[in-house]
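What follows is the residue order along each chain.
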Amino acid sequence: MSDQTPERLAETRQRMAAVDGPQQVLGRALTIGCVALEITQRCNLDCTLCYLSENSEHVVDIPIDEVLQRLSNIRETYGTYTNVQITGGDPTLRKHSELVEIVRYARRLELFPSLFTNGIAASRRLLVTLAKAGLKDVAFHVDTTQQRAGYADEKSLNALREQYIERARGLGLMVIFNTTVHAGNIAEIPDLIRFFRRHAGDVGLASFQLQAETGRGVWGGRGQEVSIEGVRNCIEGVAARPLPWDAIRIGHPECHSYLPTLVIGDDIVPIVEDPNLIGEFIADFSNHHADRREGWRRVVGQYFLAAIRQPRWFLRAGKFLMRLLWQTRRALLRNRGRVRQLSFFVHNFMDAAALDSERVNACSFMVMTNRGPVSMCEHNAKRDEYILQPIKFRRRDGSLGDYDPLRSTSRQALRA
Ligand code: SF4
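First, a word on what this report is: a plain description of the structure on this page. This structure is a prediction, so every number in the text was calculated from the model and none was measured. (Residues numbered from 1 in each chain as written. Predicted model: local features only at pLDDT ≥ 70, side-chain atom pairs only at ≥ 80, totals over all residues. Heavy atoms only, no water.)

Some details on the overall build of the protein
- When helices and strands are counted, the protein shows 15 helices and 13 strands.
- For 416 residues, the compact-globule formula gives about 22 Å, and the C-alpha radius of gyration of the protein, at 21 Å, lands near that figure.
- Across its three principal directions, the C-alpha atoms of the protein cover 65 × 50 × 45 Å.
- With 416 residues in all, the protein has 55% of them scored as buried.
- With the model as given, the accessible surface of the protein reaches about 18700 Å², and the carbon-plus-sulfur share is 53%.
- One way to put it: in the protein the 55 positive side-chain charges average out to a point 7 Å from where the 48 negative ones average out. (Helix = DSSP H or I, 4+ residues; strand = E, 2+ residues; numbered from the N terminus. Rg over C-alpha atoms; globule rule 2.2 N^0.38 Å. Buried < 20%, exposed > 50% of the residue type's maximum accessible area, 1.4 Å probe, protein only. Areas by Shrake-Rupley, 256 points an atom, 1.4 Å probe, with all protein chains shown as cover. Lys, Arg positive; Asp, Glu negative; His and termini not counted. Charge placed at Lys NZ, Arg CZ, Asp CG, Glu CD.)

A look at the site of the ligand
- In the region of the ligand, 13 residues are neighbours, and C255, H347, R359, C363 and C377 sit closest.
- Residues of the shell around the ligand, tallied by class, amount to seven nonpolar, five polar and one charged. (Near = heavy atom within 4 Å. Nonpolar A, V, L, I, M, F, W, Y, C, P; charged D, E, K, R; others polar.)

As for the pairing of strand 11 (residues 372-375)
- Here four bridges tie strand 10 (residues 365-369) to strand 11, and the two strands are oriented antiparallel to one another. Across the sheet, the residue bridging to M368 is P373, located in strand 11. (Pairing = 2+ DSSP bridges.)

Comments concerning the packing of aromatic side chains
- Applying the stated rule across the entire model yields 14 aromatic pairs.
- Consider the rings of Y81 and F112, whose centres lie 5.3 Å apart with planes at 55 degrees: the pair is tilted. Placement of Y81 in the loop between helix 2 (64-78) and strand 2 (83-87) and of F112 in strand 3 (residues 112-117) is noted, with a sequence separation of 31 residues between them. Just as Y81 is buried, F112 falls in that class too.
- Relative to F196, the ring of F195 lies with its centre 5.6 Å away and its plane at 70 degrees, an arrangement referred to as edge-to-face. Each member of the pair, F195 as well as F196, carries the same accessibility label: buried. (Phe/Tyr/Trp six-rings, centres within 6.5 Å; stacked < 30°, edge-to-face > 60°.)

Here we look at the sheet that holds strand 10
- An order of 8-7-9-6-5-4-3-2-1-10-11 is seen for the eleven strands of this open sheet, with the pairing classed as mixed. The open sheet has two edge strands, strand 8 (267-270) and strand 11, and neither has a second partner. The mean inter-strand angle of the sheet, taken between neighbouring strand axes irrespective of direction, is 30 degrees.
- Pairing of strand 7 (residues 256-264) with strand 8 involves four bridges; the strand directions are antiparallel. (Axes fitted to C-alpha atoms, helices over the stretch in contact; angles between N-to-C directions.)

Remarks on the nonpolar core
- Core analysis: the largest hydrophobic core is formed by 88 residues, its most contacted members being L71 and F208.
- For F208, the contacting residues outside a window of four places in its chain are T179, V181, I189, L192, I193, F196, V231, I235, F344, F345, V346 and H347.
- One finds M16, A247, I248 and A362 within the second-largest nonpolar core, a separate group that totals 13 residues. (Core = buried A, V, L, I, M, F, W, Y, C linked by side-chain atoms within 4.5 Å. Contact = heavy atoms within 4.5 Å.)

Digging into the pattern of salt bridges
- Scanning the entire structure with this criterion turns up 25 salt bridges.
- The salt bridge involving E166 is made with R169; its shortest N-O contact spans 2.8 Å.
- E166 gets classed as partly exposed once you look at its relative accessible area, which sits at 44%.
- R169 sits in the partly exposed class, given a relative accessible area of 36%.
- Members of the salt-bridge network, linked through shared partners, are E280, D284, R312 and R316. (Salt bridge = Lys/Arg side-chain N within 4 Å of Asp/Glu carboxyl O.)

Brief notes about helix 1 (residues 6-15)
- Those residues of helix 1 that fall on the buried side of the exposure criterion are R8, L9 and T12. One face of helix 1 carries all of its buried residues, which in axial projection span an arc of 95 degrees. The exposed set on the far side of helix 1, more than 90 degrees from its buried face, consists of P6, E7, E11 and Q14.
- In this structure, the buried side of helix 1 is in contact with helix 2. (Arc of directions from axis to C-beta.)

Focus on the environment of T328
- Structurally, T328 can be placed in the loop between helix 10 (312-327) and helix 11 (329-334).
- For T328, a relative accessible area of 6% translates into the label buried.
- The spacing of T328 and V269 is 59 residues in sequence and 7.9 Å in space, taken between C-alpha atoms.
- In this structure, T328 is in contact with I264 and V269, ignoring residues within four places of it in sequence.
- From its side chain, T328 meets the backbone oxygen of L324 in a polar contact 2.7 Å long. (Polar contact = N/O pair within 3.5 Å; in protein donor to acceptor, adjacent residues only side chain to side chain.)

Considerations on the pairing of strand 5 (residues 174-181)
- With respect to burial, strand 5 is a largely interior element, seven of its eight residues being buried.
- By the bridge criterion, five bridges tie strand 4 (residues 137-141) to strand 5 in an arrangement that is parallel. Paired with A139 across the two strands is I176, which belongs to strand 5.
- Handedness of the crossover joining strand 4 and strand 5 through helix 5 (residues 158-168) is recorded here as right-handed.
- Judged from the six bridges that link them, strand 5 and strand 6 (residues 205-210) form a sheet pairing that is parallel. The residue bridging I176 from the neighbouring strand is L205, located in strand 6. (Right-handed = clockwise from strand over helix to strand, strands pointing away.)

Quick notes on the environment of P190
- Note on placement: P190 falls in helix 6 (residues 189-198).
- Put simply, P190 and I235 are 45 residues apart on the chain and 6.8 Å apart in space, counted from C-alpha to C-alpha.
- Leave out the neighbours within four places in its chain, and P190 touches C234 and V238.

Have a look at this one:
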């Protein structure tokens, strides 16, 4: 059971008023899509579309007590079972004992911690330790904006993606791949989608972030060839069918699209198509949050018990499964009943100079700062205002500490 209080949900529902609908998850079951917790501004790459600031490398990591305080603030603001992205820069550059402590603390607060990394320093050993500490997902950012030596295109990076899949194998973590879509790789996206289809099950979520002019990136804004519709069309092209992109809505539909699918051989089949069915499911089961780390039997058991109180859902589930089985009968026969799960996510980040206030107000992806949650697009646009400010923080013994993000030597090197 989550502690998504009616007050929190009502507040979120109000924030989503402009983009509400029966299938809107925010304000009904969730108070936020996810919250980023930046535990370092340092990175071991310098991507051509990086959202960090020119000054990020000079910034000293925020104290561990401040990080833990921000986790408590996330729980306080959004409730239990909130998705937390432990990110940076690259979080694996933080002392690993602290990274483990951060994940363990997030678990203790009943949050859903995920590690967002470029994978370079995310060894098997580290992933094993973090999984034991309570990590839920690992998201690898791999694409040609990273300009990794020896990898000229997205296809050549598949070898690296396969290495990362093996590093996370058998740890109960959902493996996510983040790909920045830009003018230079849009033509390769269909083949990349075929790669993820081949690895469905081992890969749980294929997430595509659209090029945006923000931060220290040098490739600037996107051209017309890069759009949320364009990437959706790539996925539909590989699936060889139209897909119900608005069956589930998490925040503003212009911000992103989310679609859970089943992969049966080469067939990509949407799990849900009817926004009204989603709406009723959310309404009846909104306080049930599946924690995959507890195992799928326990998750199914929880929903089964919940359905006993609303028996009409047994009939609905039966009809739903019959429809899905009938739709996929040939593919199931061809593939001896082998079914894997793969979700798609397309994120339409905004350029720093073109923030849309309606979207920012309905933002589903926040960053927790010392001043509270801020929309990721807004945070990227004004990053120095947040990361370069000295702050007072509370130590776990209750005393107050001073954190200065810049050593005196760095202050002279600052770029405006
Ligand atoms: S405002 Fe930006 S960060 Fe927030 S959901 Fe929209 S695109 Fe994403």
